[in-house]
Amino acid sequence: MKPISLLLPLATLLAISLPPAACSAPAKAARQTTVGAAARITLISGPVEVRSNAKTAARPAQMNALLATHSIINTAARGQTEIQIGSTVLRLDAESELEITRLDASNLAFNLHYGSAFARVNDAASAAQFELRTAQGRVSLQDAAEVRVDAASAPDASAVRLFTGNARFVGNDGNNITLQSGTQLALRGGNISTTPLMSDEFDDWCLGTRSQARAAPVSREYTERRVVNQSDRSWD
């Protein structure tokens, strides 16, 4: 009879000797990376629909539903919604459509097909990753900011309102415009104008200066699981 080898493969020995926590560390890290890059619907008011991509059918949005690259969120008349990615929060006004074009550990990129989107980006690292496109160009941020973008209010028209922070608009025609807090940029056809900031009811809602009566409450499940950063500005 041949002697039984007492030599075990190195991987087997490591699996036996390492504690369970060490063995599960890579899986845990992978889960954390996935969660960190995920977008979640945190508020729904009125009719809101979601598509996984441009080729799939729309379905009613659900609280706490996860969104990913290529997801498209649409609000009908009197519909509004909020999406959270880490400490970054976006709100869509009624009759708006937003596509997540790239969402990962290094990119927060969106395309506003039409309507109005308001973003609150709470830290410089997220600001460096943020980009919001319209048919006329793209908005990027230079630091933490509160910015609103409007698209297709008229043919070949977009607008950018910067409430806090510093931003840049790069047009498809090559225009490169730096925006400072408290300014508003309007683009119509080939014309560009910069004016003092003006606000409306949607801005007031996003900035927390009007009643939240229309907003659906955030679910208890999400509230309990959320990790709150004390430096974040609340939209409660």
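Residues numbered from 1 in each chain as written. Predicted model: local features only at pLDDT ≥ 70, side-chain atom pairs only at ≥ 80, totals over all residues. Heavy atoms only, no water.

### Details of the side chain of D203
Spelled out, the test is: Only DSSP runs of H or I covering at least 4 residues are called helices, and only runs of E covering at least 2 are called strands; the numbering of each starts at the N terminus. Three labels apply to residues, based on accessible area from a 1.4 Å probe with only protein chains included: buried if under 20% of the type maximum, exposed if over 50%, partly exposed otherwise in between. Polar contacts, as counted here, are pairs of nitrogen or oxygen atoms within 3.5 Å of one another; within protein the pair requires one atom able to donate a hydrogen and one able to accept it, and residues that are adjacent in sequence qualify only if both atoms are side-chain atoms.
Tracing the backbone through its elements, the reader meets D203 in helix α4 (residues 201-206). Given the relative accessible area of 0%, D203 is considered buried. Polar side-chain contacts of D203 include one of 3.1 Å to the backbone nitrogen of D200.

### Examining the pattern of salt bridges
The following threshold applies: Salt bridge criterion: a side-chain nitrogen from Lys or Arg within 4 Å of a carboxyl oxygen from Asp or Glu.
One pass over the structure, following the stated rule, counts 11 salt bridges. The closest approach of N and O atoms between E82 and R91, which form a salt bridge, is 2.9 Å. You'll find E82 and R91 in the same group, each marked buried. The partner of D104 in a salt bridge is R102, and the shortest N-O contact between them spans 3.1 Å.

### Structural notes on the packing of aromatic side chains
Think of a pair of aromatic rings as described by two things: how far the centres are apart, and how the planes are tilted against each other in angle. Formally: Between 30 and 60 degrees the pair is tilted, below 30 it is stacked and above 60 it is edge-to-face, where a pair is any two Phe, Tyr or Trp rings, Trp via its six-membered ring, whose centres lie within 6.5 Å. Only lysine NZ and arginine CZ atoms are considered, and such an atom sits over a ring when it is within 6 Å of the ring centre and within 35 degrees of the ring normal.
Counting across every chain of the model gives 3 aromatic pairs. Ring geometry for F118 and F163: centres 5.5 Å apart, planes at 35°, overall tilted. In this pair, F118 sits in strand β9 (residues 108-121) while F163 sits in strand β13 (residues 157-164), placing the two residues 45 residues apart along the sequence. When sorted by exposure, F118 lands in the same class as F163, which is buried. Seen in terms of ring centroids, F202 and W205 are 6.0 Å apart; in terms of plane orientation they differ by 45°. Their pairing is tilted. Highlighted residues: F202 and W205, both in helix α4, separated by 3 residues, approximately one helical turn. By the burial criterion, F202 is buried, and W205 matches it. When the ring centre of W205 is taken as reference, the NZ or CZ atom of R91 above it lies at 4.2 Å.

### What to know about the confidence of the model for the protein chain
Stated formally: By definition, pLDDT measures how confident the predictor is in each residue, and it falls between 0 and 100.
Per-residue pLDDT for the protein chain averages 79, and the proportion of residues at 70 or more is 72%. Of all the helices and strands in the protein chain, helix α5 (residues 220-225) carries the lowest mean pLDDT, 34, while strand β5 (residues 72-75) carries the highest, 98.

### Re the pairing of strand β14 (residues 166-171)
Applied cut-off: A pair of strands is labelled paired if DSSP reports no fewer than 2 bridges between them.
In this sheet, β14 lies alongside strand β11 (residues 137-141) in antiparallel orientation, the contact comprising 5 bridges. Bridged to L141 within β14 is A167. The pairing of β14 with strand β15 (residues 176-180) spans 5 bridges and is classified as antiparallel. Residue V170 lies in a different strand from β15, and its bridge partner there is N176. Hairpin remark: β14 followed by β15, antiparallel, with 4 residues in the connecting loop; positive phi at G174, about 100°.

### Some remarks on the environment of I44
One can find I44 in strand β1 (residues 39-45). Each C-alpha atom, one on I44 and one on E82, is 6.8 Å from the other, the two residues being 38 residues apart in sequence.

### Section: the side chain of E97
Put simply, the rule reads: We call two residues contacting when some pair of their heavy atoms lies within 4.5 Å.
Looking at the secondary structure, you find E97 in strand β8 (residues 96-103). Of note is the side chain of E97, whose polar atom sits 3.3 Å from the side chain of R51. At 3.2 Å, the side chain of E97 and the side chain of N74 are in polar contact. In this structure E97 touches R51, I72, I73, N74, N111, L112, H113 and Y114, once residues within four positions along its chain are discounted.

### Points about the pairing of β9
Within a regular strand, side chains alternate between the sheet's two faces. In terms of residue burial, β9 counts as a mostly covered element, since 11 of its 14 residues are buried. Examined bridge by bridge, strand β7 (residues 88-92) and β9 share 4 bridges and lie antiparallel to one another. If you follow V89 over to β9, its bridge partner there is R120. Bridge count between β8 and β9: 6 bridges; the pairing is antiparallel. Within β9, the position partnered with R102 by the bridge is A109. In this antiparallel pair of consecutive strands, β8 and β9, the connection spans 4 residues.

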